[in-house]
Amino acid sequence: MEGQKQVLEKLRGAFRSGVTLPVHFRLTQLEAMMSLLEDNETQILEAMHEDLAKPKFEAVLSEIDMVVNDLCYTISNLQTWMQPTYVGTNLATKLDDCFVRREPLGIVLIIGAWNYPLQLILSPLIGAIAAGNCAILKPSEISRATEKLLAELIPKYLSQECYAVICGGAEETKKLLENRFDHIFYTGSQSVARCILQAAAVHLTPVTLELGGKCPCLIYGRIDMKSAAKRLVWAKFFNAGQSCVAPDYVLCTAETRDMLLPFMKEALESFYGSDPQQSQDMGRIVTDRHWDRLIDLLKKSEGKIVIGGESDKKTRYIAPTVLVDVKESDVLMQEEIFGPILPILTIKSLDEGINFMNEREKPLALYAFSDESQVVTTVLERTSSGGFCSNDGIVHMTLSGLPFGGVGASGMGNYHGRWSFETFSHKRGCMLRGWGLERVNVLRYPPYTESNLSWLRWATTSKKKGWAGCSIM
Amino acid sequence: MSREQKAVERARKAFLTGRSQSLEYRINQLKNLLRFVRERQKEIAEGLKKDLRRSECGTPLYETLGLESEINLAVRNLKEWAAPRPVSKSMMTISDQVYIQPEPLGLVLVIGAWNYPWAVTIGPLIGAIAAGNAAVIKPSEVSSHTSKVMEDFLPLYLDKELYPVVTGGVTETQELLKQRFDHIFYTGNGTVAKIIMEAAAKHLTPTTLELGGKSPCYIDKNCELDVACRRIAWGKYLNCGQTCIAPDYILCDPSMQDRVIQEIKKNIKDFYTEDPKKCLDYGRIINERHFKRLMGLLEGSTIAVGGENDESECYIGPTILKDVKPDAKVMQEEIFGPLLPILTVSSADEAIKFINEREKPLALYIFSSEDKLIKRMIAETSSGGVVANDCLMHFSVSSLPFGGVGNSGMGCYHGKHGFDNLSHLRGCLIKKLKMENVNKMRYPPHTADKIGWARFFMLKHIDFGSLGRMAMLALMVIFVAVIVQRYYTD
C-alpha cells in the first residue's frame, strides 16, 4: 500500500509529464468511467443498498444515471469547451489576438459524502478529468461498501498514474490535507468545511465547498394541492430525507396546512403503502449514530406528530414523519435535519414567510409552491439560496446547464456539466501582439505629454456598446 | 463596538434595505463614482505624487483612465449582465423556465494595495457595486495620502452607508477580518493572503486573492530586439518596478545578453533622460523599508546598468543586473522594484523548465517572432496571464479575466468577470403544477419499466438547435399520451 506522499508524488510526476493534456487522453478516461458504471451496475447497486438500503430506482436515477448523463454531456462537448475563447479588443489592440485558455490546475483533491456516495465523488471527478487534472478521491468512510467498491474499481478502469483513491477517516483526511493541492472539492458539513478552508489557506489552495443548510419550502396562495403534496413528499423522503437539497421544513398558513396534510397522507400511502417499513422503496438511515441523532430530535421536539413517528433501531428505519405546530425555537429548527422528518411551521402571510427565511443562513436550495406566479416571483426576488425551484423539489440539480452550488453558509463554487469543467480549470488571459503599431505605442512611453495622453484616451476608450473597454493601465 | 464593527453593521443594514438591488441605483452609484474620478483628478494626482512621486500624466494613464473605462463598460452593459441567463433543458423540463439569475452576495470587503492604489482598490469596487453588493473599502495605509483622499472624498459621491471607507493599518484590518463578509477581495502579497484566507475560513467566506510572484520574461533569439527591449523597459520601470505584473526577470541566450543590456539602457535614457533622478516621469520607492529590502537584493549580483540610489529620497535608478545566478538573492523573492536581472538560458526548453520549477507567476512574457514557439511556451507553462511581445497590456483589456493561479492568486476580475466574481449565480427552475401525470413515472412504487421511461425522460439533454421545435413538441405529445395511458389508472 502506497503512503499518501508517494501517491501524491506519482500523480505530480504524471501531471508534469503532460499526459493528461491531450483531449484524446481525457476522453479515453471518461469513456473508461462509463464502462466502469456499465460493467458494474449490479455491484454498485448492491453496495449502495448495503450502505443506505437505497432502493434500486433511486440508486439508478439519482446516482448511476446522474453520472452517466454528466459523462455523455461532457464527452460530447469537451472538444468545444477546450477551445480558446476569443474576446473583443479596442482600437489600440485591434491587431492583437486576445483569448482565454482553459488550463488544468494540477492535482485536485475530491472529498465525497455518504448520502449519494457515487454521484458526489464521480461527478466532480468528471470535471477534474475533463479539465486535464490528476485527482485524488477520498470517498466517505461512512458509506463503507461504496467506498470499498470505488477503491477497487477506479484503479481497474482509470489510469493509475493519474487518479488514485485514498480511503480513511478523519485522521487520514487531516493528514491528506497537510499536503498541497491545486484545488480541493469538498461535499459535506459546515464544521468540516471550516477545517478544510483553514488547511487550504496554508497553501493558498482554491476550494469548492458543497455544503447544506435547512432548505425551506414555502407553500402559499392558490395551489393544486394534490400535485404539490406528491412532489413535496417525493422530494422530502427520497433517500429517506438524506439529501442536501431535500426540503428541510415547510412554511405555510394554517389553512394551507390543513389542506396539505390529507394529500400528503394520500401520497405517502400511494408511494410506500400503509406500512412504509415493508416497502422496498423506502430507504434507511446510514448509521446507528445518525439514527440516534434523528430519534433524539424527534423526542425533544415540541411539535405534534401527525404522520408517521414509528422507528426501528435494528434496521435503522424511521417512518416518513410529519410534525405540525413546530415553533422557531424547536430543536428540529436548530440544525439541518437530514432525515425523513418534516416539520411544518405556520405563518400568517407571505411576508412573514420570506422574512423567516431571510433571517436564517442562505440554504443550498429554496422551494416555493404556488399556482400564483406572482408568489413565486416574489419569493425568488426577495430571498437568496444556492439554487431555486418552484413547484417541485430536487430536480433542478439534474439539469447540467445549471450551476449547482451554495452561497454563504451553504457553500462556495459550483459544478455539473460545463461548470465542473470550469471549476477545475484556470482561465488564463492571453494576449498575442505583433511588432507593428509601434507608432501607436509611442504614445504611452515617457516622456509623458498631454497631447499623447489625449490621443491615447481617444484610441482606448470604448465608443459603443459591446466593445470591450480598454485603457493603458 | 469598534469603529470597524460599526461600519460593517451599518453597511449590512443598508444592504438589507434592498436599495442596492435596483439596476438604476447601481448605475447611479457608478456614475457618481465616474464623476468623482473626473472631478477630483487634482486631489488624486496630488495624493499619488506624495505617495509614489507619480507624474502628472501618470495619474490618468495608469490609474484613472482604466477606472473610467471600466465604469463606462459596467454602466453600458449592466442590464445584460444582471439579466437572467437561460440554459439548456432536459426533456422533463421542456415546458419550464430554466435559467441562471445573477444575485448580489451581500457585503464585500475590498482590501487595496499601495502600488496602484486607485486601480486595485476602486477596480474591484466597480464590480462590487455593479453586482449590487455593499462594500467596505479598506485602502492600503502604505499609500497614506491616497488613502486620505479616498476617506475624505468618496463619501461625498457614493452612498456613505453602503460603501464606507475604513482606513487603518494592521490592527484595523485585523478587526475588520473578525467581522463576517460575503466575499473578501484582497490585492497584495502571499503572506498576508494566507492570513486573510484563514480569517475568511471561520465564516466560510469566499475570497479573491490578487497576489504576485516573479513574472518571467523570455526573449527569443528570433525577435525584433529593439522593439522588445523598448516594451520591456517600459513595463519594468513603470512605477519604479512596483507593478504586480512587471517583468520580474529576463531569460535569454548568453549571446544576446550584451545587446539586451545596451538596448534597454538606450530606452532608459530615452524615457527618463541621463539623470532619471531629476526626471519627473520616474517615480520613487514607496518607503524606506522597501528601499532597504531592494538594496539588499543587489547583494551578490553584477550591476551592468544603474545602481545609483539615494536613501533620503527612496530613489533607486533603473538598474540591470547581468549573469545572474538562480540562487542569487534577487531571485529568491518578487523584486517589486527597478532591478532587472538577466539570467542566461541556452534554449527555450531550458527556459520552460526554469519557469516550471518555480511557483506559477501572475504574468508570463514571451518575446518572439515565431508563432509556434509562443504557442508552445503557452501550452507548456502556467501563469495568471500571458502576453506575447509586450508587457502589462493584458491588464487593460476588460474582456480578459485578470487574476492569478497557484501562488499568484485565485479568482479574477475586470469587465464582466468582475461582475460575475462578486455575484452569486443562482440556478433557477420555474415549474408549474400542471402535467403531473408525466411525473408519475418517478414516484414509488418502483417498477422495472418505470425505470426505463424515467431514465429516458429525466436525464436526456435537449439541444434545440439540432431538433426542430415542432418535432420536439410532437414527440412530447405522443410520449405524454403514452404515459398517461399506461399509468393513469395507477
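In this text the structure is predicted, and so the values were computed from the model without any measurement.

(A) Inspection of the UniProt feature "active site" (unreviewed entry) in chain A at higher detail. Residue and element names in this part refer to chain A. Under the present numbering, the feature "active site" (unreviewed entry) in UniProt falls on Glu-210 and Cys-244. Spanning 35 residues, the named residues nonetheless gather at one spot, since no C-alpha pair among them exceeds 8.9 Å. On the secondary structure map, Glu-210 appears in strand E7 (residues 207–210). Ignoring anything within four residues of it in the chain, the contact list for Glu-210 reads Phe-185, Tyr-186, Thr-187, Gly-188, Phe-404, Gly-405, Ser-410, Gly-413, Asn-414 and Tyr-415. Positionally, Cys-244 belongs in the loop between helix H9 (225–237) and strand E9 (249–252). If we skip the residues at most four places from it in the chain, Cys-244 touches Asn-115, Leu-211, Cys-215, Glu-336, Phe-338 and Leu-364.

(B) Expanded view of the packing of helix H2 (residues 23–39) of chain B against helix H4 (residues 58–82) of chain B. Residues and elements named next belong to chain B. Across the interface, H2 lies against H4 with an axial gap of 10 Å and an inter-helix angle of 170°. Here H4 runs roughly antiparallel to H2, going by the angle between their axes. Packed against H2, whose contacting residues are Leu-23, Arg-26, Ile-27, Leu-30, Lys-31, Leu-33, Leu-34, Val-37 and Arg-38, the element H4 presents Thr-64, Leu-67, Glu-68, Ile-71, Asn-72, Ala-74, Val-75, Leu-78, Lys-79 and Ala-82 at the interface. When grouped by side-chain class, the residues that make up the contact of H2 with H4 number 12 nonpolar, 2 polar and 5 charged.

(C) Local environment of the nonpolar core. By size, the foremost hydrophobic cluster in this structure holds 335 residues, and its most contacted members are Leu122(A), Leu125(A), Val379(A), Ile219(B), Ile250(B), Val260(B) and Ile264(B). Looking at which element gives the most residues to this core, the answer is helix H4 (residues 56–82) of chain A, with 12 residues. With residues up to four places along the chain from it excluded, the contact list for Ile250(B) reads Cys217(B), Ile219(B), Ile232(B), Val260(B), Ile264(B), Leu340(B), Pro341(B), Ile342(B) and Leu343(B).

(D) Geometry of the environment of Asp275(A). Note that Asp275(A) resides in the loop between helix H10 (254–272) and helix H11 (288–300). Taking the C-alpha atoms as reference points, Asp275(A) and Gly308(A), separated by 33 residues in sequence, lie 9.6 Å from one another.

(E) Summary view of the pattern of salt bridges. For the structure on display, the rule yields 54 salt bridges over all chains. The partner of Glu103(B) in a salt bridge is Arg426(B), and the shortest N-O contact between them spans 2.7 Å. One end of the pair, Glu103(B), is in strand E2 (residues 97–104); the other, Arg426(B), is in strand E17 (residues 423–430), and 323 residues separate them in sequence. As far as the burial class goes, Glu103(B) and Arg426(B) line up, both buried. Lys221(B) is the partner of Asp253(B) in a salt bridge, and the nearest nitrogen-oxygen pair spans 3.8 Å. Highlighted residues: Asp253(B) in the loop between strand E8 (249–252) and helix H10 (257–272) and Lys221(B) in the loop between strand E7 (216–219) and helix H9 (225–237), separated in sequence by 32 residues. Note on Asp253(B): relative accessible area 13%, which makes it buried. By relative accessible area, Lys221(B) is classed as exposed at 58%. A single salt-bridge network, built from bridges that share partners, covers Asp96(A), Arg433(A), Arg444(A) and Asp390(B).

(F) Representation of the confidence of the model for chain A. Across chain A, pLDDT averages 93, with 96% of residues at or above 70. In the predicted structure, residues 463–473 of chain A sits below a pLDDT of 50 and forms 44 contacts with residues beyond four places in sequence or in another chain.

(G) Structural detail: the environment of Gly385(B). By the element assignment, Gly385(B) lies in strand E15 (residues 385–388). Sequence-wise, Gly385(B) and Gly403(B) are 18 residues apart; in three dimensions their C-alpha atoms are separated by 7.3 Å. Not counting the four nearest positions on each side in its chain, Gly385(B) is found in contact with Arg428(A), Gly429(A), Leu362(B), Ala363(B), Leu364(B), His394(B) and Gly403(B).

(H) View of the sheet that holds strand E6 (residues 183–187) of chain A. Residue and element names in this part refer to chain A. Strand order in the open sheet formed by 6 strands is E5-E4-E3-E6-E7-E17, with mixed pairing between adjacent strands. Taken across any chain shown, the strands that pair with only one partner, and hence form the sheet edges, are strand E5 (163–165) and strand E17 (411–412). The pairing of strand E3 (residues 107–111) with E6 spans 4 bridges and is classified as parallel. The partner of Leu-109 across the bridge, within E6, is Ile-184.

(I) Broad picture of the interface of chain A and chain B. Counting residues at the interface gives 112 residues for chain A and 113 residues for chain B. Interface area for chain A against chain B, summed over the two sides, is near 9800 Å², with a carbon-plus-sulfur share of 61%. Where chain A touches chain B, the interface holds 6 salt bridges. Notably, a salt bridge pairs Arg180(B) with Glu361(A), separated by 2.9 Å at the nearest N-O pair. Our enumeration of links across chain A and chain B arrives at 41 residue pairs in polar contact (both at pLDDT 80 or more). Broken down by class, the residue content of the side of chain A that touches chain B amounts to 54 nonpolar, 33 polar and 25 charged. Inspection of the sheet shows strand E16 (residues 387–390) of chain A paired to E17(B) by 4 bridges, in the parallel sense. Following the sheet pairing, Phe388(A) is matched in E17(B) by Cys428(B).

How each quantity is defined
Residues numbered from 1 in each chain as written. Chains lettered and ligands numbered in written order. Predicted model: local features only at pLDDT ≥ 70, side-chain atom pairs only at ≥ 80, totals over all residues. Heavy atoms only, no water. UniProt positions renumbered as here; feature names shortened; annotations may be inferred. Helix = DSSP H or I, 4+ residues; strand = E, 2+ residues; numbered from the N terminus. Contact = heavy atoms within 4.5 Å. Axes fitted to C-alpha atoms, helices over the stretch in contact; angles between N-to-C directions. Parallel < 35°, antiparallel > 145°, perpendicular 65-115°, else oblique. Nonpolar A, V, L, I, M, F, W, Y, C, P; charged D, E, K, R; others polar. Core = buried A, V, L, I, M, F, W, Y, C linked by side-chain atoms within 4.5 Å. Buried < 20%, exposed > 50% of the residue type's maximum accessible area, 1.4 Å probe, protein only. Salt bridge = Lys/Arg side-chain N within 4 Å of Asp/Glu carboxyl O. pLDDT = per-residue confidence, 0-100. Pairing = 2+ DSSP bridges. Buried area = accessible area lost by both parts, 1.4 Å probe. Polar contact = N/O pair within 3.5 Å; in protein donor to acceptor, adjacent residues only side chain to side chain.

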